[in-house]
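Residue-level listing of the chains:
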Amino acid sequence: MDHTPKSSGSKRKGKKKPGKGHLPPEAKPQMCTSTENGVGTSQILDVAKDLPENELKNDIESLNTKPKETISVDDKDQLINNDIANESQDSALFSNSIAVEKAADVCTVQSDNKDSFSEKSHNNDEKAKGTKVPDTKTETRISMQNPEGPEKTAIATEGGADGVQKSKGELRKERRAIQEAQRAAKLAGKSEAAANAAVVKGPQQQQQKSQQQQKVQPQQQQQKPQQQKSTQRVSESDSGSQPKKVQNQAQMSKKTDQTSGPHVVARDAKLRVPDSMQLDDEKMVSRITKKMEKKHIPMRNLQQKKVSLFKHLHQYEHDKPLTSTVLINSGTIHPAILKLGLQYASGIISGSKARCVALLKVLKEVIDDYQTPDNKDLARDLDVHLSPFISFLNQCRQQSVSMGNAIKYIKHHINNTPSDCPDKQAKENLKNVINKYYRERILLAAKAISEFAYGIIEDEDLILVYACSSVVRKVLVEAHSKGKKFKVIVVDGRPKFEGVAMVSYLSGHGIKCSYIHINTISHVMAKVTKVLLGAHAILANGYVMSRIGSAQVCLIAHVFNVMVFVCCESYKFCDRVQPDSFVFNELGDPDEIARVSGHTNELAEWRSTPTLYLLNLVYDVTPHELVTLVITDVGVIQPTSVPMVLRVKNPEAYY
């Protein structure tokens with residue numbers, strides 16, 4: 001037995017032929033003394049074919065004439081011991097090689113699958129061409145039966161079905177595939193056995209678990225109060241050492257944990273919606289009525305006949321007055337508030353600016369008549385005192401954005417009133433705050449807008465306006481007084497026909513005007529150079545909320561490539577985002593559109609017709625893409641710049 005480790009043999013591909021008189025290292029005698037080493041007979045024959053006959057004879061003679069070596073008994077014993085040690089080393093190496101092959105097999109499963117797929121596709125192509133494809137099944141069977149080396153397996157496959165020799169890589173892939181199949185079968189058997197054992201042991205294990213849980217639960221209940229006490233002590237001791245940021249993060253995480261879950265999210269989403277926009281919910285309506293009863297405020301009758309798309313909004317109709325059930329001498333509502341509410345409900349005071357100015361004047365009267373009760377603070381009690389008055393005004397007519405911003409501004413200063421300030425001085429300070437708001441946010445803002453708009457209006461312009469806006473009216477009158485020569489087309493529509501007042505005012509100041517209805521606007525838009533519009537509010541997403549019909553005017557102007565300028569003061573900017581006119585709007589009296597002057601009123605009995613509904617929307621929403629620029633008291637800006645103005649200019653007025 002040879003003492004050298006087994007080798008897989010090395011091929012002679014890629015080496016040059018030896019010259020004459022020189023033997024290659026593969027043909028040396030010491031490499032061929034034994035047939036049990038790693039060199040096969042086929043390799044020796046291949047080398048011998050390449051040598052000349054004379055050199056081959058000389059080499060054979062030299063081998064025969066070489067003297068034989070004698071080995072003693074002691075040397076034989078040493079050789080036997082060495083053979084045993086080498087065999088143990090070979091077995092260890094063989095086991096290591098098997099482990100390495102298994103690890104390599106796991107890493108090369110995907111590459112083997114790709115190679116097998118490419119090999120199958122290659123065989124299919126060869127069959128289509130008509131060539132013979134080797135039988136891989138017979139070759140793998142021979143390779144598994146011949147463990148003597150890759151050369152002998154290749155020689156054995158030469159006599160196969162097609163006589164095609166396979167490379168080492170292909171044989172290795174086949175062996176790996178067989179090993180993977182065997183492993184998969186073993187795993188499947190183990191999983192089936194485990195499943196059967198689980199089915200048998202399932203009920204017993206469940207009983208054991210239930211018994212263990214019953215034992216553990218009383219122990220946990222005893223440990224919980226101790227753990228809570230320990231955590232409280234640790235938190236108290238560490239609260240002084242931890243930085244403020246860490247404490248704030250812990251508090252925020254607790255809040256998020258408490259407000260997590262689908263039910264809590266739905267509840268928070270409901271709370272964000274104002275009560276006035278949930279009138280289609282019976283529970284919310286009953287809650288609102290209870291609140292009004294506690295404050296001793298009359299509530300409007302809910303109108304049952306509304307368009308289904310707007311059932312969540314209140315429909316303000318000229319029905320029974322709210323003041324019929326209110327006693328003037330009861331003291332629950334201030335007389336000035338009652339008068340203002342009736343003017344809102346009847347339409348005597350209309351328009352976003354007029355309603356806000358009237359509210360500021362009435363609040364000055366309420367603050368002047370207010371007296372702080374004993375043992376109470378003005379900063380806290382006055383806010384509570386004003387709350388029912390504002391609720392009553394909302395019942396008379398829906399609160400405008402300008403009114404809401406003014407109320408926030410005044411309440412902000414009420415809450416910041418020092419507690420040590422005398423009542424008389426505190427009330428004077430609050431009245432001065434209201435006067436300042438009216439002077440800076442309303443009067444001076446309109447003058448600033450007229451100055452900015454003067455640079456936009458040019459001579460010989462044909463300007464189109466819609467309905468009646470106080471700020472647009474001021475802009476046109478001041479531009480005409482400064483020498484600008486232009487003409488105005490006033491567009492009007494039902495049901496209020498506010499354009500009539502606009503035409504009479506402008507023509508009274510010497511401006512040439514034309515008057516048309518909104519259904520003929522497309523016939524004159526081709527001659528118009530600019531469009532000036534007012535606004536009820538500008539939302540945070542840049543959308544313009546204005547009187548109904550403004551969106552139609554902007555759309556037609558956009559089709560004819562006419563620039564649209566919206567004149568709006570900054571106190572009408574709103575932090576609310578609204579993409580359409582359905583979520584939030586004001587529903588006017590349906591009887592206003594049912595009245596037709598000069599004709600018999602065929603819609604007078606619309607309430608008794610079950611299939612007939614009337615809708616009187618007060619506002620619509622215009623996308624910012626249809627608006628060129630917005631002229632405000634802070635400058636001429638894009639509609640999408642409204643959030644920046646809200647954050648920069650006195651945020652206490654809006655937040």
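Residues numbered from 1 in each chain as written. Predicted model: local features only at pLDDT ≥ 70, side-chain atom pairs only at ≥ 80, totals over all residues. Heavy atoms only, no water.

> So what's going on with the packing of aromatic side chains? Which residues, and what values?
Within the structure shown, the criterion is met by three aromatic pairs. Both rings, one in Tyr409 and one in Tyr437, keep their centres 4.8 Å apart while their planes meet at 40°; by these two values the pair is tilted. Here the residue Tyr409 occupies a position in helix α14 (residues 401–415), and Tyr437 occupies one in helix α15 (residues 423–454), the gap between them amounting to 28 residues. The buried category is assigned to Tyr409, whose relative accessible area is 7%. Under the relative-accessibility criterion, Tyr437 is labelled buried at 2%. Taking the centre distance of 6.5 Å and the plane angle of 75° together, the rings of Tyr437 and Tyr571 count as edge-to-face. (Phe/Tyr/Trp six-rings, centres within 6.5 Å; stacked < 30°, edge-to-face > 60°. Helix = DSSP H or I, 4+ residues; strand = E, 2+ residues; numbered from the N terminus. Buried < 20%, exposed > 50% of the residue type's maximum accessible area, 1.4 Å probe, protein only.)

> Describe in detail the sheet that holds strand β6 (residues 544–547), supporting the description with residues and values.
Read across the open sheet, the three strands follow the order β5-β6-β8; overall the sheet is antiparallel. Lying at the two open borders of the sheet, with one neighbouring strand each, are β5 (537–538) and β8 (619–622). Sheet analysis places β5 next to β6, joined by two bridges and oriented antiparallel. For Ile538, the partnering residue across the bridge sits in β6 and is Val544. Most of the contacts of helix α19 (residues 550–559) go to β8, to which it runs at about 30°, and overall it touches β6 and β8. (Pairing = 2+ DSSP bridges. Contact = heavy atoms within 4.5 Å. Axes fitted to C-alpha atoms, helices over the stretch in contact; angles between N-to-C directions.)

> Provide a residue-level description of the pattern of salt bridges, including the pertinent values.
Throughout the structure, instances matching the rule amount to 11 salt bridges. One salt bridge in this structure joins Lys474 and Glu478, with 3.1 Å as the shortest N-O distance. Here the residue Lys474 and the residue Glu478 both occupy positions in helix α16 (residues 470–481), the gap between them amounting to four residues, near one helical turn. Take Lys474: its relative accessible area is 28%, and that puts it in the partly exposed class. The partly exposed category is assigned to Glu478, whose relative accessible area is 22%. Via salt bridges that share partners, Asp368, Glu428 and Lys431 belong to a single interconnected network. (Salt bridge = Lys/Arg side-chain N within 4 Å of Asp/Glu carboxyl O.)

> Account for the pairing of strand β9 (residues 629–632), naming residues and giving values.
Examined bridge by bridge, strand β7 (residues 563–567) and β9 share three bridges and lie parallel to one another. When the bridges of β9 are listed, Phe565 appears paired with Leu629. Note: β9 against strand β10 (residues 635–637), three bridges, orientation antiparallel. Residue pairing for β10: Ile631 is matched across the bridge by Val636. Here β9 folds back onto β10 in antiparallel fashion, the turn holding two residues.

> Could you give an account of the sheet that holds β9, with specific residues and numbers?
The strands making up a sheet associate through hydrogen bonds between their backbones, and the pairing can be parallel or antiparallel. Read from one edge to the other, the open sheet built from seven strands follows the order β3-β2-β1-β4-β7-β9-β10, with strand pairing classed as mixed. A strand with exactly one partner marks an edge of an open sheet, and here the two such strands are β3 (512–517) and β10. Averaged over all pairs of adjacent strands, the angle between their axes in this sheet comes to 25°, without regard to strand direction. Note: strand β1 (residues 461–466) against strand β2 (residues 486–492), six bridges, orientation parallel. Bridging across to β2, Leu464 finds its partner in Ile489. Most of the contacts of α15 go to β9, to which it runs at about 135°, and overall it touches β7, β9 and β10. Contacts between helix α17 (residues 499–508) and the sheet are confined to β1, β2 and β3, with β2 contributing the most and set at about 160° to the helix.

> Please set out the packing of α14 against α15 residue by residue, giving values where relevant.
In a packed pair of helices, the relevant descriptors are the angle between the two axes and the axis-to-axis distance. Following both chains from N to C, one finds α14 and α15 inclined at 145°, their axes separated by 10 Å at the closest point. With respect to the hand of their crossing, α14 and α15 are arranged in right-handed fashion. Two secondary-structure elements touch here, α14 through Ser402, Asn405, Ala406, Tyr409, Ile410, His413 and Ile414 and α15 through Leu430, Val433, Ile434, Tyr437 and Arg441. (Left-handed = near helix turned anticlockwise from the far one by under 90°.)

> Describe in detail the packing of α16 against α17, supporting the description with residues and values.
Here α16 crosses α17 at 20°, and the two axes come no closer than 10 Å. With respect to α17, the axis of α16 lies roughly parallel. Handedness of the crossing formed by α16 with α17: right-handed. Two secondary-structure elements touch here, α16 through Val472, Arg473, Leu476 and Val477 and α17 through Met502, Tyr505 and Leu506. For the contact of α16 with α17, the per-class residue count stands at six nonpolar, no polar and one charged. (Parallel < 35°, antiparallel > 145°, perpendicular 65-115°, else oblique. Nonpolar A, V, L, I, M, F, W, Y, C, P; charged D, E, K, R; others polar.)

> Please provide a residue-by-residue account of the side chain of Ser400, values included.
For Ser400, the location among the structural elements is in the loop between α13 (378–396) and α14. A relative accessible area of 3% places Ser400 in the buried class. For Ser400, the contacting residues outside a window of four places in its chain are Ser352, Arg355 and His536.

> Report on the pairing of β3, specifying residues and quantitative values.
Pairing geometry for β2 and β3, over six bridges, is parallel. If you follow Val491 over to β3, its bridge partner there is Ile516. You can see the chain leave β2, run along α17 and come back into β3, and the turn it takes is right-handed. (Right-handed = clockwise from strand over helix to strand, strands pointing away.)

> Outline the layout of surface pockets, supporting the account with residue identities and numerical values.
Empty space within the second largest pocket amounts to approximately 1,200 Å³. Lining the second largest pocket are 39 residues, with Pro274, Asp275, Ser276, Asn394 and Gln399 positioned closest to its centre. Among the secondary structure elements, those contributing two or more residues to the lining of the second largest pocket are α10 (282–295), α13 and α14. With six residues, α14 is the largest single contributor of residues to the lining of the second largest pocket. Tallied by class, the residues present in the lining of the second largest pocket amount to 17 nonpolar, 13 polar and nine charged. (1 Å grid on protein atoms, 1.4 Å probe; cavity = no way out; pocket = protein on both sides within 12 Å on 5 of 7 lines; lining within 4 Å. Points joined across faces, edges and corners; volume = space filled by probe spheres on them.)

> Give me α17: which residues, what numbers.
Burial in α17 covers these residues: Gly499, Met502, Val503 and Leu506. Viewed along the axis of α17, the buried residues span an arc of 95°, placing them on a single side of the element. Where α17 is buried, its residues touch β1, α16, β2 and β3. A positive phi of about 85° marks Gly510, the residue just after α17. (Arc of directions from axis to C-beta.)

> Account for α15, naming residues and giving values.
End to end, α15 covers 46 Å across 32 residues, agreeing with the expected 46 Å (1.5 Å per residue, within 8%). Approximately 35° is the largest bend angle found in α15, and it occurs at Ala445. (Expected span 1.5 Å × (residues − 1). Bend = angle between axes of the 7 residues up to and from the residue.)

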